[in-house]
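# Analysis of the macromolecular model
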Amino acid sequence: MVIYGVALLAGCMMVGLIIGDLLGQVLGIDSNLGGVGIAMLLLIFTTSWLKDRNKLPEPTVSGINFWNAMYIPIVVAMAASQNVAAAFSGGLVALLAGVLAVVLGLALVPVIAGKAPDRSTDRGADGRLSSTTRSGY
Amino acid sequence: MLESLTELFDKYHLIAAFAVIGLTMYLAYWVSARFTRGKLHGSAIAIMIGLALAWFGGVVTGGEDGLADISLFSGLGLMGGGMLRDLAIIATAYGVQFSEIRQAGVRGVIALFAGVIVSFVAGGVVAVGFGYTDPVDITTIGAGAVTYIVGPVTGATLGASSEVIALSIAAGLVKSILTMVATPMTARLIGLDNPRSAMIFGGMIGTTSGVAAGLAATDARLVPYGAMTATFYTGLGILLAPTLLFLVVRAIAG
């Protein structure tokens, strides 16, 4: 049933958020530390575990894939509800601070990613990736 | 007649949002195919339309939630809010190979720390350049350049003025919005075309909304990798900015 997939997704999210919340409390910060990332890992592990045991039928998968496909529309809705006006009215300090952070961040991506030796494995990974179907794209 | 129509949109706000976003997506993909021959991706155009509408909504209503502040479009706030956004982000992880994540794992963690520190320093240096000398102000603005959540949390912890906290939020918003627009444009230049660089990108930039939208507009297959690291970024920022980074700023400027 489709609801099994949705429930699995929701269950991973809630468990991930609980762990993230506990991590935050342990470290004494008023924030959820990586709950969403932990939930993603949980979903990867549980679905591959279920798939290996043939317990992940197509209807269940479609419950997950629906939300996967809704990702871009949701991001567009998120963009439409950003406080863009405030970003523009923050003045030159805010503008420069934000721009500099993005420029430096982008520029450092290839530096940390490194070059030559790993490049070939990346290409292979890329080829495998493009064969996976992502609906909505 | 018109009033009852508005009321209907208000009552069924989430459903109305689905229809509005669907229409926006259709329009964006049509523009992409018709005028850019698919070179500028439909989702990138859709996100830019969304941002333009958000600016319009903010200017018209003076509210904080862009177009969602216009009651006719209030459902956008729920559809694009944290709850459904996080659910959809997690769903993108389905089908990801764990080995991909493990391969980039260490560099992803390095990128997380480097990303928080570089953004913080960038914001702090700009603050100093504009004449801020109080370590609390410098730290709060620096934290704002990390993300628009780290800024106000740090400012509140350190007791910064509301004016400086507002500045830090604005800096974070500029970062997030610029990331949405600049990522698809610079993706080729910085080699953002594989899971590994996507994870590093997520760690370097970190602002979840910016990373989520920037990668969606670049290549949707990269989303889970970038989102995975980005979701740790704000937490790390809140951990470091008011503590270690503040102490460093105070040692230098105070």
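Since we're looking at a predicted model, the values are computed, not measured. (Residues numbered from 1 in each chain as written. Chains lettered and ligands numbered in written order. Predicted model: local features only at pLDDT ≥ 70, side-chain atom pairs only at ≥ 80, totals over all residues. Heavy atoms only, no water.)

## Let's talk about the overall build of chain B
Looking only at helices and strands, chain B features 12 helices and 0 strands. In sequence order, chain B lays out its α and β elements as α-α-α-α-α-α-α-α-α-α-α-α. Taking 254 residues into account, the globule formula puts the C-alpha radius of gyration at 18 Å, and chain B, at 20 Å, falls close to it. Overall, chain B is about 65 × 45 × 30 Å in size when its C-alpha atoms are taken along their principal axes. Across the 254 residues in chain B, those meeting the buried criterion constitute 56%. Across chain B, every contact between residues at least 6 apart in sequence was considered, and the portion connecting residues at least 24 apart equals 67%. Summed over its atoms, the accessible surface of chain B is roughly 10400 Å², and 67% of this surface lies on carbon and sulfur atoms. Side-chain charges in chain B split into 12 positive and 13 negative, and the spacing between the mean points of these groups amounts to 18 Å. (Helix = DSSP H or I, 4+ residues; strand = E, 2+ residues; numbered from the N terminus. Rg over C-alpha atoms; globule rule 2.2 N^0.38 Å. Buried < 20%, exposed > 50% of the residue type's maximum accessible area, 1.4 Å probe, protein only. Contact = heavy atoms within 4.5 Å. Areas by Shrake-Rupley, 256 points an atom, 1.4 Å probe, with all protein chains shown as cover. Lys, Arg positive; Asp, Glu negative; His and termini not counted. Charge placed at Lys NZ, Arg CZ, Asp CG, Glu CD.)

## Quick word on the nonpolar core
Core analysis: the largest hydrophobic core is formed by 83 residues, its most contacted members being Tyr71 of chain A together with Ile47 of chain B. Ranked by residue count, the leading element in this core is helix H4 (residues 71-80) of chain A, at 9 residues. Beyond its immediate sequence surroundings of up to four residues, Ile47 of chain B is in contact with Val75, Val76 and Ala79 of chain A together with Met180, Ala213 and Ala217 of chain B. In terms of nonpolar packing, the next biggest core, distinct from the first, is built from 35 residues, Val93 of chain A together with Ala145, Tyr233 and Phe246 of chain B among them. (Core = buried A, V, L, I, M, F, W, Y, C linked by side-chain atoms within 4.5 Å.)

## Examining the environment of Ile117 of chain B
Of note, Ile117 of chain B is situated in helix H6 (residues 98-129). Sequence separation of Ile117 of chain B and Gly105 of chain B is 12 residues, and the distance between their C-alpha atoms is 19 Å.

## Let's talk about a nonpolar patch on the surface
Together, Leu92, Leu95, Leu96, Val99 and Val103 of chain A together with Phe130 of chain B make up an exposed nonpolar region whose accessible area comes to about 480 Å². Looking at where Leu95 of chain A falls in the secondary structure, it is placed in helix H6 (residues 91-113). (Patch = residues over 30% accessible without salt bridge, like charges linked within 9 Å, V, L, I, M, F, W, Y side chains within 5 Å. Salt bridge = Lys/Arg side-chain N within 4 Å of Asp/Glu carboxyl O.)

## Overview of the UniProt feature "domain: Malonate/sodium symporter MadM subunit N-terminal" (unreviewed entry) in chain B
The UniProt record marks residues 6-252 of chain B with the feature "domain: Malonate/sodium symporter MadM subunit N-terminal" (unreviewed entry), using the residue numbering of this structure. Taken end to end, residues 6-252 of chain B is 78% helix and 0% strand, and its two terminal C-alpha atoms sit 56 Å from one another. (UniProt positions renumbered as here; feature names shortened; annotations may be inferred.)

## Side note on the confidence of the model for chain B
On average, chain B scores 88 in pLDDT, and the residues at 70 or more come to 100%. Listed scores for the predicted complex are pTM 0.81 and ipTM 0.81. (pLDDT = per-residue confidence, 0-100.)

## Some remarks on the packing of H4 of chain A against helix H5 (residues 82-91) of chain B
It is at 9 Å that the axes of H4 of chain A and H5 of chain B come closest, and there the two elements cross at 150 degrees. Taken together, the axis directions place H4 of chain A and H5 of chain B in an arrangement best described as roughly antiparallel. Here H4 of chain A runs over H5 of chain B; the crossing is left-handed. Contacts from Tyr71, Ile74 and Met78 of chain A of H4 of chain A reach H5 of chain B at Leu84, Arg85, Ala88 and Ile89 of chain B. (Axes fitted to C-alpha atoms, helices over the stretch in contact; angles between N-to-C directions. Parallel < 35°, antiparallel > 145°, perpendicular 65-115°, else oblique. Left-handed = near helix turned anticlockwise from the far one by under 90°.)

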